[in-house]
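Commentary on secondary and tertiary structure
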Amino acid sequence: MQDAATSAPDTPRSRLAAFATASRRHALARPQLYRLMTARPLDRDAMQEGAEGAAMEPVLELFGEDGARHDVARASWAWAHGLVSLEIAERFPPGADLDAAWEVLIDSLAARVDAGGSPG
């Protein structure tokens, strides 16, 4: 059976949805690891050269290479991180439709990418 992400049309929205779904699934499957990875400042001096760029490559590919799209990529990471962090911490009310919240994130970012990715 083909994965939904690979069988969907190749559009900015489908790529964003696939990336957001995979990121959310990973964070929720390993919440302690996700917290450990994101709770402290990133010691860039201790990192192997190019590691940060390689880790962010899938996100940047979604948004393109120009500076404005990098701003959208950073904003999308922050938005997704906040949403999944609150989900892990069980800060939403019982019965909150978090799938709908993720759809808002994906739709908003896809609209921004379709509009050229400019930050303002």
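Above this text you will find the structure in question.
Throughout, a residue's number is its position along its own chain's written sequence, starting from 1. Per-residue local features of the predicted model are confined to residues with pLDDT of at least 70, and side-chain atom pairs are confined, for both listing and counting, to 80 or more; whole-chain, interface and lining totals are unaffected and use all residues. For side-chain calculations, the full set of non-hydrogen atoms in the structure is used, while hydrogens and water are omitted.

Now for a nonpolar patch on the surface. Residues Leu33, Leu36 and Met37 make up a contiguous nonpolar surface patch of roughly 320 Å² in combined accessible area. One can find Leu36 in helix α3 (residues 31-38). Exposure above 30% relative accessible area and the lack of any salt bridge qualify a residue for a patch; like charges then connect within 9 Å, and the nonpolar side chains Val, Leu, Ile, Met, Phe, Trp and Tyr within 5 Å. Note that accessible areas follow from Shrake-Rupley with a 1.4 Å probe, and for residues the cover is restricted to the protein chains shown. Take a side-chain nitrogen of Lys or Arg and a carboxyl oxygen of Asp or Glu: if they are within 4 Å of each other, that pair is a salt bridge. Put simply, DSSP H or I for four residues or longer makes a helix, DSSP E for two residues or longer makes a strand, and each gets a number counted from the N terminus.

Here the focus is the packing of helix α2 (residues 12-29) against helix α6 (residues 98-114). Their axes nearest at 9 Å, the elements α2 and α6 cross at an angle of 140°. With respect to their mutual orientation, α2 and α6 come out oblique. The element α2 and its partner α6 pack so that their crossing is right-handed. Packed against α2, whose contacting residues are Pro12, Arg13, Leu16, Ala17, Ala20 and Arg24, the element α6 presents Leu98, Asp99, Trp102, Glu103, Ile106, Asp107, Leu109, Ala110, Val113 and Asp114 at the interface. Axes, fitted as lines to C-alpha atoms, cover a helix only where it is in contact. Angles between the N-to-C directions of the axes lie from 0 to 180 degrees. Note that the term roughly parallel is reserved for angles under 35 degrees, roughly antiparallel for angles over 145, roughly perpendicular for angles of 65 to 115, and oblique for everything else. If you view the pair so one helix is near and one far, a crossing is left-handed when the near helix is turned anticlockwise from the far one by less than a right angle, and right-handed when it is turned clockwise. In what follows, a contact means two residues having at least one pair of non-hydrogen atoms within 4.5 Å.

The next subject is the nonpolar core. Nonpolar side chains in soluble globular proteins tend to end up buried together. Counting 20 residues, the largest nonpolar core has Leu16, Phe63, Val84, Trp102, Leu105 and Ile106 as the members making the most contacts within it. For this core, the secondary-structure elements that each account for two or more residues are α2, α4 (51-63), α5 (67-88) and α6. Residue types Ala, Val, Leu, Ile, Met, Phe, Trp, Tyr and Cys, when buried and joined through side-chain atoms within 4.5 Å, form a set referred to as a nonpolar core. Burial classification: accessible surface area is computed with a 1.4 Å probe over protein chains only, and a residue below 20% of its type maximum counts as buried, one above 50% as exposed, and the rest as partly exposed.

Turning our eyes to something else, we now look at the layout of surface pockets. Here the term cavity refers to a set of points on a 1 Å grid, laid over the protein atoms alone, in which a 1.4 Å probe fits but cannot get out; the term pocket refers to an open set having protein on both sides within 12 Å along at least five of seven lines, with lining residues being those that place an atom within 4 Å of a point. Grid points are joined across faces, edges and corners, and a volume is the space filled by probe spheres set on the points. Looking at the largest pocket, its volume works out to about 1,000 Å³. Here the element with the most residues in the lining of the largest pocket is α5; it accounts for 8 residues. In terms of residue class, the lining of the largest pocket is built from 24 nonpolar, 6 polar and 5 charged. Classification used: nonpolar for Ala, Val, Leu, Ile, Met, Phe, Trp, Tyr, Cys and Pro, charged for Asp, Glu, Lys and Arg, polar for all others including Gly.

This next bit is on the environment of Ala101. Its place among the elements puts Ala101 in helix α6. By relative accessible area, Ala101 is classed as partly exposed at 27%.

The full count for this structure, using the stated rule, is 5 salt bridges. A salt bridge links Glu103 to Arg13; its shortest N-O distance comes to 2.3 Å. Here Arg13 lies in helix α2 and Glu103 lies in helix α6, a separation of 90 residues in the sequence. Close ionic contact of Asp107 with Arg13 constitutes a salt bridge, the shortest N to O distance being 2.7 Å. Of this pair, Asp107 sits in helix α6 while Arg13 sits in helix α2, and the two are 94 residues apart along the sequence. Residue Asp107 is classed as partly exposed on the basis of its relative accessible area, which comes to 38%.

Below, the discussion takes up α4. Working rule for helices: expected span equals 1.5 Å times residues minus one. Relative to the 18 Å expected for 13 residues at 1.5 Å per residue, α4 spans 19 Å between its end C-alpha atoms, a close match to the ideal helical length. A maximum bend of about 55° is found in α4 at Glu57, where proline Pro58 lies one to four positions downstream. Within α4, burial applies to Val59, Leu62 and Phe63. Each residue is assigned a bend, namely the angle between axes fitted to the seven residues that terminate at it and the seven residues that start at it.

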